[in-house]
Amino acid sequence: MKNVCVLVSGGGSNLQSLIDHVQNGTLAVHLCGVIASRDGVYALERAKQNGIPYQVVARKDFASKEAYNEAMLQAIERTGAEYLVLAGFLSILGETVIHRYANRILNIHPALLPSFGGKGYYGLKVHQAALDYGVKVTGATVHFVDEGTDTGPIVLQESLAIAPEDTAESLQQRVMEIEHRILPRAVSLLVQGRLHVEGRHVSIEEEER
């Protein structure tokens, strides 16, 4: 099985979804490590409870961006990762990591990119922005990570209709259900070699019957 390292910054509900899918046999990967951008987040407890090696690499602990990027690369390589998954990871990966793992890094974003993505769009801010703009549908996106922020080629998207009574909090919970479905699916497709990237377009190879 392929080695997958998960990068986190918060509660880790998407990490838990990956763990659940591995445990129930619907995702055939080895979760070889969890790296958090800060200490004390619940995602680390999820890793501990499930016997996944974990470590913290925080930007504030390094004098320069270059030193942080090198430390992150070393931390990732220590896990033996072949693929990376950003599951609520709020730090920016350096170009060294992105180039080393080109087309092998997936990110989950709680909106239908390219809407409500980029710098400053994370957590409840994404859902509040969707409500403030008055869009009728929102959803979640899994995309490859490139040098930009939420700009990589799109792998999977799923939408839902916004209800008149929705709040940022209720929308977050509803979109999270989509995230927990499509992220494990995208990881499975990636490690099976069924995703093919040409420019901005990602095609999905049909499963052999």
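Here, the structure is the one placed above.
Keep in mind it's a predicted model, so treat the numbers as computed, not measured.

> Which residues make up helix α3 (residues 65-79), and what values go with them?
In an α-helix, one turn spans 3.6 residues; hence positions three or four apart end up facing the same way. With 15 residues, α3 extends 22 Å from end C-alpha to end C-alpha; this agrees with the ideal 21 Å at 1.5 Å per step. Residues Tyr-68, Asn-69, Ala-71, Met-72, Leu-73, Ala-75, Ile-76 and Thr-79 constitute the buried set of α3. In this structure, the buried residues of α3 make contact with β1 (2-8), β2 (29-36), β3 (54-56), β4 (83-86) and α4 (95-100). Once α3 ends, the next one or two residues include Gly-80, with phi positive near 80°.

> Run through the side chain of Ser-17, naming residues and quoting values.
Structurally, the position occupied by Ser-17 is in helix α1 (residues 13-23). The class of Ser-17 is buried, set by a relative accessible area of 6%. In this structure the side chain of Ser-17 is engaged in a polar contact, spanning 2.8 Å, whose partner is the backbone oxygen of His-180. Residues within four places of Ser-17 in sequence aside, it is in contact with His-180 and Pro-184.

> Which residues make up the nonpolar core, and what are the values?
Within the largest apolar cluster, 40 residues are counted, with the highest numbers of intra-cluster contacts made by Val-4, Val-6, Val-155 and Val-187. Per-element tally for this core: the top contributor is helix α6 (residues 168-191), with ten residues. The residues contacting Val-155, other than those within four sequence positions of it, are Leu-106, Val-142, His-143, Phe-144, Ala-186, Leu-195, Val-202 and Ile-204. Formed by 21 residues, the second largest nonpolar core is a distinct cluster that contains Leu-7, Leu-73, Leu-84 and Tyr-101.

Cut-offs used in this document
- Residues numbered from 1 in each chain as written.
- Predicted model: local features only at pLDDT ≥ 70, side-chain atom pairs only at ≥ 80, totals over all residues.
- Heavy atoms only, no water.
- Helix = DSSP H or I, 4+ residues; strand = E, 2+ residues; numbered from the N terminus.
- Expected span 1.5 Å × (residues − 1).
- Buried < 20%, exposed > 50% of the residue type's maximum accessible area, 1.4 Å probe, protein only.
- Contact = heavy atoms within 4.5 Å.
- Polar contact = N/O pair within 3.5 Å; in protein donor to acceptor, adjacent residues only side chain to side chain.
- Core = buried A, V, L, I, M, F, W, Y, C linked by side-chain atoms within 4.5 Å.

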